[in-house]
Amino acid sequence: MSPIIKYVIAVVVGVVVGSGVNMGLVNIGPSIIPLPEGADVSTMEGLADSMQLFSPANFLFPFLAHALGTLVAAFVAAKVAGRHQMRFGIGLGVFFLLGGVTAASMFGGPVWFIATDLILAYIPMGMLGAKLATASEQSG
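Residues numbered from 1 in each chain as written. Predicted model: local features only at pLDDT ≥ 70, side-chain atom pairs only at ≥ 80, totals over all residues. Heavy atoms only, no water.

J.: Requested: an account of the overall build of the chain, with residues and values cited.
T.: Within the chain, the secondary structure is distributed over six helices and zero strands. Listing the helices and strands of the chain from first to last along the sequence gives α-α-α-α-α-α. Judged by the C-alpha coordinates and their principal axes, the chain covers about 55 × 25 × 25 Å. Across the 140 residues in the chain, those meeting the buried criterion constitute 33%. Here the chain displays about 7,700 Å² of accessible surface, and carbon together with sulfur accounts for 72% of that area. (Helix = DSSP H or I, 4+ residues; strand = E, 2+ residues; numbered from the N terminus. Buried < 20%, exposed > 50% of the residue type's maximum accessible area, 1.4 Å probe, protein only. Areas by Shrake-Rupley, 256 points an atom, 1.4 Å probe, with all protein chains shown as cover.)

Structure (structure tokens):
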């Protein structure tokens, strides 16, 4: 198989799997940490308006979704690509970071959450995912 085709497949599979992890965690979060009374997250406008009602605990699952979704995406892409793992990890971290910046600009939220999310959930998790992929190849 051509390396370019393999790399494109690696990115697509990483994005799909990482997005699935992200959405799964976002969807189960409110069943574990209930939303505040009066919060309407059924629409993007409702979510943006409800953000001021959230306690710090309500931001746990969104952060975990962003961090673990990026981690898994980078790991999968690095494993599928087989080479240049760190480049793929950082690349997927940047891809998901762009999504995080877009979400922060659309929904807002407390500055502490936006800063923590953008600084810790994307590039560092992309790098960690690539390192874990590399380490799993070396140990196996």
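J.: Talk me through the environment of L68; I want residue IDs and the actual numbers.
T.: The topology assignment puts L68 in helix 3 (residues 60-81). You can call L68 partly exposed: its relative accessible area is 34%. C-alpha of L68 to C-alpha of G126: the two residues are 58 residues apart in sequence and 9.4 Å apart in space. Among all residues touching L68, those that are not within four sequence positions of it are V21 and L25. (Contact = heavy atoms within 4.5 Å.)

J.: How would you sum up the environment of L92? Please name residues and give values.
T.: Relative to the elements of secondary structure, L92 occurs in helix 4 (residues 85-107). On the accessibility criterion, L92 (3% relative accessible area) is buried. The sequence separation of L92 and G109 amounts to 17 residues, and the corresponding C-alpha distance is 24 Å. Excluding residues that lie within four positions of it along the chain, L92 makes contacts with V11, G14, V15, T70, A73, A74 and A77.

J.: Describe the nonpolar core, naming the residues involved and giving the relevant values.
T.: Core analysis: the biggest nonpolar cluster contains 14 residues, and F88, L92 and F96 have the highest contact counts within it. Elements supplying a minimum of two residues to this core: helix 1 (3-32), helix 3 and helix 4. Counting residues per element, this core draws most heavily on helix 3, which supplies six residues. Discounting chain neighbours no more than four positions away, the residues touching F88 are Y7, A10, V11, A77, A78, A81 and R83. Formed by five residues, the second largest nonpolar core is a distinct cluster that contains M51, F59, F107 and F113. (Core = buried A, V, L, I, M, F, W, Y, C linked by side-chain atoms within 4.5 Å.)

J.: Tell me about the confidence of the model for the chain, and name the residues and values.
T.: Across the chain, the average pLDDT comes to 95, with 99% of residues at 70 or higher. Across the chain, helix 3 holds the top mean pLDDT of 98, while helix 2 (residues 44-50) sits lowest at 91. (pLDDT = per-residue confidence, 0-100.)

J.: Before we move on, could you go through a nonpolar patch on the surface and cite the residues and values that matter?
T.: Judged by side-chain polarity, M1, I5, I9, V13 and V17 come together as a nonpolar surface patch covering roughly 450 Å² of accessible area. Along the chain, the position of V13 falls in helix 1. (Patch = residues over 30% accessible without salt bridge, like charges linked within 9 Å, V, L, I, M, F, W, Y side chains within 5 Å. Salt bridge = Lys/Arg side-chain N within 4 Å of Asp/Glu carboxyl O.)

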